[in-house]
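The residues making up each chain are set out below.
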Amino acid sequence: MWASRALVRSLAPPDWLSVNVTLRCNLRCVMCTTCYDSPELTTRELIRLVDEAADMGVRVFNPLGGEPLVRDDLEEVLAHAVARGMFVTLTTNGTLLRPERAARLARLSPARLHVNLSLDGAEAAHDRVRGAGSFSRAMAGYRALRAADAAHGNPVRTLRANVLLHRGNLHGYEAFLGWLEDEGFSGVQQLTLFRDEADATVGGMWFQPEDLPALDALCTRLADDRAAGRGPARLLVNAPEDLRAVPRYYREGLSPREAPCWAGWKELYVNADGRAVMCDGTLDFLAGAYGDVRRQSLRALWRSDALRARREVVKACTTPCIQGCYLRRESDALAPIAGALAANAARPLEARAARAVARLRPARPLDMTLLFEASARPSDDAGLGAIWRPDVPAGARVDPATLRASPDALRRAWSHGWADTDHGFGGEELLAKVLEDLDRARLRPRALWLGWRGDAGLHPALDRLVACGLGRGLPVHVVMSDTFATLHPVAAAHRAHGGARPSGACRVVTWDARVLDDPDDVRQTRVLGNAWEEDAAAVLTRTYPPSTSSSV
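Right, let's walk through the structure included here.

Scoring rules and cut-offs
Residues numbered from 1 in each chain as written. Predicted model: local features only at pLDDT ≥ 70, side-chain atom pairs only at ≥ 80, totals over all residues. Heavy atoms only, no water. Helix = DSSP H or I, 4+ residues; strand = E, 2+ residues; numbered from the N terminus. Buried < 20%, exposed > 50% of the residue type's maximum accessible area, 1.4 Å probe, protein only. Contact = heavy atoms within 4.5 Å. Areas by Shrake-Rupley, 256 points an atom, 1.4 Å probe, with all protein chains shown as cover. Pairing = 2+ DSSP bridges. Salt bridge = Lys/Arg side-chain N within 4 Å of Asp/Glu carboxyl O. Expected span 1.5 Å × (residues − 1). Phe/Tyr/Trp six-rings, centres within 6.5 Å; stacked < 30°, edge-to-face > 60°.

## What about the overall build of the protein chain?
Secondary structure assignment for the protein chain yields 19 helices and 17 strands. The 552 residues of the protein chain split such that 50% are buried. In the protein chain, once contacts between residues fewer than 6 apart in sequence are set aside, the share between residues at least 24 apart is 77%. As presented, the protein chain carries roughly 24,300 Å² of accessible surface, and 55% of it is formed by carbon and sulfur atoms.

Below you can see the structure in the form of structure tokens.
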């Protein structure tokens with residue numbers, strides 16, 4: 001990333017993809033200038049962007065707004081990002097996070113989905129900014145998500161507060177941080193206001209000269225406590241040096257580029273109307289538009305001459321800015337990076353030495369395959385009719401014939417939490433444990449089969465099961481119906497590599513044995529290749545007799 005900025009090139013993918021999924025909002029915040037009616041990307045367009053970003057190696061997806069929860073298809077997009085192995089950070093005002101929406105989000109892994117809740121002080125200060133009653137509704141949303149996670153048996157999800165420090169919450173700010181800690185928030189991201197040329201006071205929120213001594217004292221205490229890890233300030237994720245810079249920002253005494261800005265390298269930002277945007281050097285993002293995702297791929301945008309021109313503007317920027325979202329201190333200087341590169345270069349040597357030692361005690365090959373029941377549910381009428389949760393909303397339940405005719409209907413059922421994925425499916429964690437136990441015992445099965453009684457194509461995380469087996473260097477065979485194979489990127493990758501569609505109703509998709517560089521990286525299952533498809537009955541008869549299998 002350091003070289004990318006130094007040479008004004010796209011030598012590394014962005015850290016994250018941010019998309020304004022909408023510019024609509026149910027609130028009218030006094031400082032906001034970004035919420036208005038605008039064309040929006042469709043569900044399919046958003047899913048395509050997620051796929052393109054994941055294929056580029058982007059690890060984080062940020063759905064922004066507007067208020068993202070205004071869109072009723074949001075959970076479908078988030079579920080797709082999680083299924084592609086991405087981390088998701090959802091920022092919301094919380095007021096639309098009612099129990100039914102919270103229950104849908106709770107079905108997405110807490111390790112993959114983090115939530116940021118916008119709170120601008122205690123109730124009175126917050127409501128002056130966002131409207132009467134908005135604080136109580138936001139906290140009701142926070143508690144609904146915590147309750148939904150608990151009901152789902154989830155570990156504690158990372159749920160942070162995004163808090164604007166402003167004139168209306170200056171006094172009592174530390175007490176508010178303490179209250180957030182007592183409420184169980186995972187952290188606090190302290191934010192600063194943008195200057196509004198049309199309103200110098202930003203709705204009365206901008207600090208005035210008489211406020212600055214108190215602001216100086218507060219930020220000094222916060223920075224000292226944050227550095228020492230004491231008091232409510234330990235909840236802040238801002239670096240101490242950034243906290244100390246806040247008073248100078250409001251005095252307009254902050255020097256431009258006190259730290260290198262990584263806008264244009266750290267993030268690929270897409271507006272609701274499909275335009276690719278970034279800071280224009282004066283904190284006007286729409287003025288920094290340089291392309292359109294409806295006409296260009298993300299990869300083409302990332303390598304475009306238009307983006308390079310925008311990056312040149314950022315490198316020469318003279319606008320004082322304190323937006324921590326575009327800091328990337330680990331890439332600011334070359335010396336620490338060189339040290340990290342040296343350490344990374346040593347790891348393959350260490351791994352090679354470890355493998356050499358392991359070869360002194362080679363794994364004993366087993367003349368059997370490991371059969372893992374990915375799904376106990378068949379894709380016949382009875383199996384498809386039993387997938388629905390009891391609390392599915394009226395009209396959401398889809399009959400088996402429709403599911404088979406439109407596999408996307410099943411994808412929607414997964415993403416909205418209508419399908420019961422808690423029962424009847426073999427989990428990735430269990431498969432990983434079985435394979436780890438075999439490794440520890442130095443036993444190696446001939447292959448991994450994902451099949452048995454049910455249709456593996458119904459498994460909502462089939463891609464991760466495939467990656468789990470490939471990560472151990474095992475050939476992986478997947479038995480799935482022809483209909484539901486279309487739901488999974490692994491099957492799409494097989495067809496892209498020339499796999500022939502079998503004549504029967506069921507297929508076996510086979511992956512060559514290989515060890516993934518990163519077994520947790522699901523993206524690799526889309527590009528491994530060397531896969532083929534055969535008629536299930538023929539393969540099962542030829543290579544999979546019951547006497548040579550060990551089932552789990």
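There is more to say after this.
## Brief notes about the pairing of strand 14 (residues 476–481)
Taking burial as the measure, the six residues of strand 14 include six buried ones, the bulk of the element. The two faces of strand 14 match: V476, V478 and M480 on one face and H477, V479 and S481 on the other face are all buried. One ladder, built from three bridges, connects strand 13 (residues 448–450) with strand 14; its direction is parallel. Each residue of the ladder has a partner; that of L448, found in strand 14, is V476.

## Description of the pattern of salt bridges
Within this structure, the stated rule accounts for 22 salt bridges. Of the charged contacts, one joins R84 and D55 as a salt bridge, the two residues approaching to 3.0 Å between their closest N and O atoms. Here R84 is found in the loop between helix 3 (74–83) and strand 3 (87–92), whereas its partner D55 is found in helix 2 (residues 43–56), with 29 residues between them in sequence. In this structure R84 comes out as buried when scored by relative accessible area, which is 2%. Taking relative accessible area as the criterion, D55 reaches 38% and is therefore assigned partly exposed. A salt bridge links D149 to R157; the shortest N-O distance between them is 2.7 Å. A single salt-bridge network, built from bridges that share partners, covers R24, E40, R71 and D73.

## Description of helix 2
Taking 1.5 Å per residue as the helical rise, helix 2 with its 14 residues ought to reach 20 Å, and the 20 Å between its terminal C-alpha atoms agrees with that figure. Burial within helix 2 is extensive, with 10 of its 14 residues counted as buried. Among all positions of helix 2, only E45, L46, I47, L49, V50, D51, E52, A53, A54 and M56 are buried. Those residues of helix 2 that are buried are in contact with strand 1 (16–20), strand 2 (60–64), helix 3, strand 7 (267–270) and helix 10 (298–302).

## Quick look at the packing of aromatic side chains
For the coordinates displayed, the defined rule picks out seven aromatic pairs. Where F135 meets W179, the ring centres are 5.7 Å apart and the plane angle is 40°; that geometry is what we call tilted. Here F135, found in helix 6 (residues 134–151), pairs with W179, found in helix 7 (residues 173–183); they are 44 residues apart in sequence, far enough to count as distant. The buried category is assigned to F135, whose relative accessible area is 8%. For W179, a relative accessible area of 28% translates into the label partly exposed. Measuring from centroid to centroid gives 4.1 Å for Y142 and F185, while their planes differ by 10°, and the two rings are stacked. Taken together, the residues span a long stretch of sequence, with Y142 in helix 6 and F185 in the loop between helix 7 and strand 6 (187–191) at a distance of 43 residues.

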